[in-house]
Amino acid sequence: MVFKDRSVPYQNGPQLEDQLDKNSEPDLRQQALIRALNSGDGRRPVVLACRRDEYFRAGTRMKLETGDAPVITGAQHVELQPLDPSAIVNFLEHRFPSFGGGLDERWKEVASSVNARPVLANILGSPWKLFLAVTVFATAGDPGVLLGMNEREADQFLLSHYIDSTTQQVRRVSRKS
């Protein structure tokens, strides 16, 4: 990522999960990552995204095994919280307004069901999964298909459609320019 001509190293996804994986044995790569980030001069910002429990578990192992700092020193920790149903609906209304006011027709069934369907609330209550859903259904498709899915099915569906949806949106924008 680049902000104001400054490069920001960013690592997330499978590579980081490999380094801070809750199922792995104590791993020298985890310790090396934390040590490397702590040894920096602080002049270059770094964004590290990982699961909270795995991060602290890795740090605890590191402190016990080597005596080194168990966390990334000077780091700001941000922990995403689940969205409640009203926040989900408010976001959808903001993101997909209808021309006559209110919510776009495609999203009405989802919005009206999020309170009554705990599985749907759990799916869209994750900021990341809500992002995936609004990206997948940004310009086409029926978000109502999520109503009949469990969390695993929804995860697979959203992830399997994310790349195609994103590239289609980029192509549309490119053609307009």
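If you had to explain the overall build of the protein chain to someone new, which residues and values would you point to?
Looking only at helices and strands, the protein chain has eight helices and four strands in total. Listing the helices and strands of the protein chain from first to last along the sequence gives β-β-β-α-α-β-α-α-α-α-α-α. Going through the 177 residues of the protein chain one by one, you find that 28% of them count as buried. Within the protein chain, contacts between residues separated by at least 24 positions form 66% of all contacts whose residues are at least 6 apart in sequence. Roughly 11,700 Å² of accessible area belongs to the protein chain as shown, and the carbon and sulfur atoms make up 54% of that amount.

Give me the lowdown on the pattern of salt bridges, citing residues and values where you can.
One pass over the full model with this rule turns up four salt bridges. A salt bridge links Glu151 to Lys129; its shortest N-O distance comes to 3.8 Å. Of this pair, Glu151 sits in helix 8 (residues 151-176) while Lys129 sits in helix 7 (residues 127-136), and the two are 22 residues apart along the sequence. Classification of Lys129 as buried rests on a relative accessible area of 12%. Connected through shared salt-bridge partners, Lys129, Glu151 and Asp155 make up one network.

Can you lay out the environment of Leu158 for me, pointing to particular residues and giving the numbers?
If you trace the backbone, Leu158 turns up in helix 8. Given a relative accessible area of 0%, Leu158 falls into the buried group. Sequence-wise, Leu158 and Val134 are 24 residues apart; in three dimensions their C-alpha atoms are separated by 9.6 Å. Residues contacting Leu158, with those up to four places away along its chain left out, are Lys129, Leu132, Ala133, Val136, Phe137 and Leu146.

Residue-level account of the environment of Ile34, with values.
Locating Ile34 in the fold gives a position in helix 2 (residues 28-39). Relative accessible area serves as the criterion here: at 2%, Ile34 is assigned to the buried category.

I'd like a description of helix 3 (residues 52-66), backed by residues and values.
Between its first and last C-alpha atoms helix 3 spans 21 Å; for 15 residues at 1.5 Å apiece the expected length is 21 Å, and the two agree. All buried positions along helix 3 are accounted for by Glu54, Tyr55, Ala58, Gly59, Arg61 and Met62. Looking down the long axis of helix 3, one finds its buried residues gathered within 160° of arc, a one-sided arrangement. Following helix 3 by one or two positions, Gly67 adopts a phi angle in the positive range, close to 80°.

Just give me the short version of the packing of aromatic side chains, but keep the residues and values in it.
In the structure shown here, the tally under the stated rule is four aromatic pairs. Taken together, a centroid distance of 6.1 Å and an interplanar angle of 85° make the contact between Trp107 and Phe137 edge-to-face. Of this pair, Trp107 sits in helix 5 (residues 105-113) while Phe137 is found in the loop between helix 7 and helix 8, placing the two residues 30 residues apart along the sequence. By the burial criterion, Trp107 is buried, and Phe137 matches it. Judged by centre distance (5.9 Å) and plane angle (20°), the ring pair of Phe137 and Phe157 falls under stacked. Taken together, the residues Phe137 in the loop between helix 7 and helix 8 and Phe157 in helix 8 connect sequence positions 20 residues apart. In this structure, Phe137 and Phe157 share a single accessibility class: buried. Every member of this aromatic cluster is reached through a ring pair, and the members are Phe96, Trp107, Phe137 and Phe157. The lysine or arginine in question, Arg95, covers the ring of Phe96, its NZ or CZ lying 4.7 Å from the ring centre.

Would you mind going over the confidence of the model for the protein chain in detail, with residue names and values included?
Across the protein chain, pLDDT averages 79, with 76% of residues at or above 70. Taken together, the stretch residues 1-26 has pLDDT below 50 and engages in 50 contacts with residues farther than four places along the chain or on a different chain.

Each value, and the rule that gives it
- Residues numbered from 1 in each chain as written.
- Predicted model: local features only at pLDDT ≥ 70, side-chain atom pairs only at ≥ 80, totals over all residues.
- Heavy atoms only, no water.
- Helix = DSSP H or I, 4+ residues; strand = E, 2+ residues; numbered from the N terminus.
- Buried < 20%, exposed > 50% of the residue type's maximum accessible area, 1.4 Å probe, protein only.
- Contact = heavy atoms within 4.5 Å.
- Areas by Shrake-Rupley, 256 points an atom, 1.4 Å probe, with all protein chains shown as cover.
- Salt bridge = Lys/Arg side-chain N within 4 Å of Asp/Glu carboxyl O.
- Expected span 1.5 Å × (residues − 1).
- Arc of directions from axis to C-beta.
- Phe/Tyr/Trp six-rings, centres within 6.5 Å; stacked < 30°, edge-to-face > 60°.
- Lys NZ or Arg CZ within 6 Å of the ring centre and 35° of its normal.
- pLDDT = per-residue confidence, 0-100.

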